[in-house]
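Okay, here's what each chain looks like letter by letter:
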Amino acid sequence: MYVLALVTQKGGSGKSTLAVGVAVAAMGNGERVAIVEADAQGTISKWKERRGHPYPRVVRISDPAAIGGALVSLEAEGTWLTVIDTAATNNALAMLAIAKADLCLIPVRPSLADIEAVIPTLIAIRRLNRRFAFVLNQTPPRGCRLSEAATSLNSLGVLALPYVGQRNDHQDALGAGLGVTELAEEGRASEEVRELWRWVLKKLVEGSLDHESHAKTAPC
Ligand SMILES: Nc1ncnc2c1ncn2[C@@H]1O[C@H](COP(=O)(O)OP(=O)(O)OP(=O)(O)O)[C@@H](O)[C@H]1O
Ligand SMILES: [Mg+2]
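I will try to describe carefully the structure that is included in this document. Nothing here was measured: the structure is a model prediction, and the numbers come from that model. In this convention, every chain numbers its residues from 1, walking through the sequence in written order. Chains and ligands are labelled sequentially in the order written, the chains with letters from A and the ligands with numbers from 1. Totals for whole chains, interfaces and linings use all residues, but because this is a predicted model, local features are given only for residues with pLDDT of at least 70 and pairs of side-chain atoms are given and counted only at 80 or more. Excluding hydrogens and water, the side-chain figures rest on all heavy atoms present in the structure.

### Overview of the packing of aromatic side chains
- Only Phe, Tyr and Trp rings are paired, with Trp represented by its six-membered ring, and only when their centres lie within 6.5 Å; those with planes under 30 degrees apart are stacked, over 60 edge-to-face, the remainder tilted. Under the definition given, this model contains 3 aromatic pairs.
- Pairing Trp80 with Trp197 gives two aromatic rings, centres 5.9 Å apart and planes at 85°, and the pair type is edge-to-face. Linking Trp80 in the loop between helix H3 (66–76) and strand S4 (81–86) with Trp197 in helix H10 (residues 188–206), this pair joins segments that are 117 residues apart in sequence.
- For each residue, the accessible area found with a 1.4 Å probe, counting protein chains only, is set against the maximum for its type, and the residue is called buried under 20%, exposed over 50%, and partly exposed in between. Using a relative accessible area of 23% as the deciding quantity, one classes Trp80 as partly exposed.
- Overall, Trp197 belongs to the buried group, its relative accessible area being 7%.
- Residues Phe132 and Phe134 carry aromatic rings whose centres are separated by 5.5 Å and whose planes lie at 75° to one another, so their mutual orientation is edge-to-face.
- Joined through ring pairs, the aromatic side chains of Tyr2, Trp80 and Trp197 make up one cluster.
- The ring of Trp199 carries Lys203 above its face, with NZ or CZ at 4.9 Å from the centroid. Numbering of helices and strands runs from the N terminus; a helix is a DSSP stretch of H or I covering at least four residues, while a strand is a stretch of E covering at least two. Geometrically, a lysine NZ or arginine CZ counts as sitting over a ring once it is within 6 Å of the ring centre and also within 35 degrees of the ring normal.

Have a look at this one:
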């Protein structure tokens, strides 16, 4: 079973949105996918209540000690991918999620404050010797800020592709209990999340993220 953790202490960066988007995109070939919600806010549980569909399975965790057991049970049930959504605030749970992850995905909005805020998460990931990638989220169509953000993140580690644009479909999908790829299959948001999932899957399957860099820049 692959384990993907969405982590960053910066609130509102898109951890839950991308956890849902990627989990549903990953079900595209009929694979068994689960989301472990390690966030008392309950964004994913509330989304699941609106969903009215058994998959992806959602398991809510509040006790850090329960993460390991939850993952063992999910694997025993035949789960292929578990996505862990973490809280901005609960350090102990986030640390355990990082420790259990095959890959940590760090959503970052293209602003200096957001980029600076990834540092504690990055230190924790490095201390635990886990693999990670940034994903630029809620991006504007183009501009200097975007290319500067990409350059900064590339200097800190690997930046996933594509960037995920600021699009209403993400908010509408969360509200409707859907993945963005279910809400508007042919939409740009859907395309980006499907492509992001393909990027993530490749990294999960391949292993090493070393020596990668993406110099994609938007014209200023
Ligand atoms: N690409 C996007 N386009 C438009 N809206 C987005 C996008 N990504 C996230 N959002 C919106 O931004 C808000 C914050 O996103 P989300 O709840 O996923 O962040 P989070 O990192 O999980 O926050 P928290 O740290 O509070 O758990 C939500 O209203 C969500 O719908
Ligand atoms: Mg969240």
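### Looking at the nonpolar core
- For our purposes a nonpolar core is just a set of buried Ala, Val, Leu, Ile, Met, Phe, Trp, Tyr and Cys residues, chained together by side-chain atoms within 4.5 Å. Ranked by internal contacts, the top residues of the largest apolar core, which has 35 residues, are Leu4, Leu81, Trp197 and Val200.
- Take this core: its biggest share by element is 8 residues, from helix H1 (residues 15–26).
- Ignoring sequence-local partners within four residues, the contact set of Trp197 consists of Val22, Ala25, Ala26, Trp80, Leu81 and Leu204.
- Membership of the second largest hydrophobic core comes to 34 residues, among which are Leu122, Ile125, Ala149 and Leu153. In what follows, a contact means two residues having at least one pair of non-hydrogen atoms within 4.5 Å.

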